[in-house]
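# Observations on the model geometry
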Amino acid sequence: MSPLRPAPGALPRSGNASGRTTGSTSGAGNAPRRKWLLPDRGFLSGASDRLLEMLDSQASEVLLQTGEELFEQGDEGDALYAIVSGAVEFSTLSSAGRKLSLDIMRPGAVFGEIALFDPGPRTATATALEPSRLRRLRSGDVVAKLQHHPALAGDLLRLAGQRMRWMNTQYSEQVFLPMPVRLARKLLYLTTEGEDARLSLSQSELAEFVGATREAVSKTLSQWKRSDVIDISRGGLTIRDRAALKLLADPDIG
């Protein structure tokens, strides 16, 4: 699955915010918008102005409260989402019924893009970690628009190809990069720029993120703590020297 700023107060809502009916939404044309609310990063980074404008015109807004689910693993997926503000965690359940955290995405991140091309069951559960505002693009709306503007279909297919190459790169990193490098990159990805960035994840959860054992992650974090790169506390850690962590994330150095 192919991932943070003040978020607007969430509106009162009820029920599950699944990708099918999801709580409080507003149509794209209900109020004036800046150009554009959809991010021009991640999956949409290579989108032409015409394509981004068309996609943004079809997007609706979704507001989530802290702890509210956007969709559950196994729900039918038919939409792409972009995070405008807030943070969304992605998780699955192990065969033993234990929650496994996969990723945390923040503003500018786009997810669910596969559903634009091939709607199907969601492979993970998405939950808001804080009040969050998203933009939603339904597959049916985009397909209907492309029928009237077929020239834009080529742009969208090109984005899909770029995303597949990015996913292959991520897979290669997970397989071939040393664990300390993967861990350093994950810590940088999951925290924001600035001094003393706090990350509230256990060492077991970090191990799940990087595909390693808790013992290996604990040993690496302890080494970084002795070097004053991080500070370890109960239930999480704090990055003390981001520049040093970036060096550790370099496979030629780390």
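Procedures and definitions
Residues numbered from 1 in each chain as written. Predicted model: local features only at pLDDT ≥ 70, side-chain atom pairs only at ≥ 80, totals over all residues. Heavy atoms only, no water. Axes fitted to C-alpha atoms, helices over the stretch in contact; angles between N-to-C directions. Helix = DSSP H or I, 4+ residues; strand = E, 2+ residues; numbered from the N terminus. Parallel < 35°, antiparallel > 145°, perpendicular 65-115°, else oblique. Contact = heavy atoms within 4.5 Å. Nonpolar A, V, L, I, M, F, W, Y, C, P; charged D, E, K, R; others polar. Phe/Tyr/Trp six-rings, centres within 6.5 Å; stacked < 30°, edge-to-face > 60°. Buried < 20%, exposed > 50% of the residue type's maximum accessible area, 1.4 Å probe, protein only. Lys NZ or Arg CZ within 6 Å of the ring centre and 35° of its normal. Pairing = 2+ DSSP bridges.

Going by an unreviewed UniProt entry, the chain carries the name Transcriptional regulator, crp family and comes from Phaeobacter inhibens.

## Remarks on the packing of helix α5 (residues 179–190) against helix α6 (residues 203–210)
Two elements in contact, α5 and α6, have axes separated by 10 Å at closest approach and are oriented at 110°. Classed by the angle they form, the pair α5 and α6 counts as roughly perpendicular. In this structure, α5 uses Met179, Arg182, Leu183, Lys186, Leu187 and Leu190 to contact α6, whose residues at the interface are Leu206, Phe209 and Val210. Classifying every residue of the contact of α5 with α6 by side-chain character gives 7 nonpolar, no polar and 2 charged.

## Structural notes on the packing of aromatic side chains
By the definition in use, this model includes 4 aromatic pairs. Between Phe71 and Phe111 the ring centres are 6.3 Å apart and the planes differ by 55°, which places this aromatic pair in the tilted class. Pair noted here: Phe71 is in strand β3 (residues 69–71) and Phe111 is in strand β8 (residues 110–111), with a separation of 40 residues, a long-range link. For the pair shown, Phe71 and Phe111 are each scored as buried. An aromatic cluster is built from Phe71, Tyr81, Phe90 and Phe111, whose rings are joined through pairwise contacts. The lysine or arginine in question, Arg122, covers the ring of Phe71, its NZ or CZ lying 4.3 Å from the ring centre.

## Quick word on the sheet that holds strand β12 (residues 197–199)
The 3 strands lie next to each other as β12-β14-β13, forming an open sheet whose pairing is antiparallel. This sheet does not close on itself; its edge strands, each paired only once, are β12 and β13 (230–233). Ignoring strand direction, the axes of neighbouring strands in this sheet form an average angle of 20°. Judged from the 3 bridges that link them, β12 and strand β14 (residues 236–239) form a sheet pairing that is antiparallel. What sits directly across from Arg198, in β14, is Thr238.

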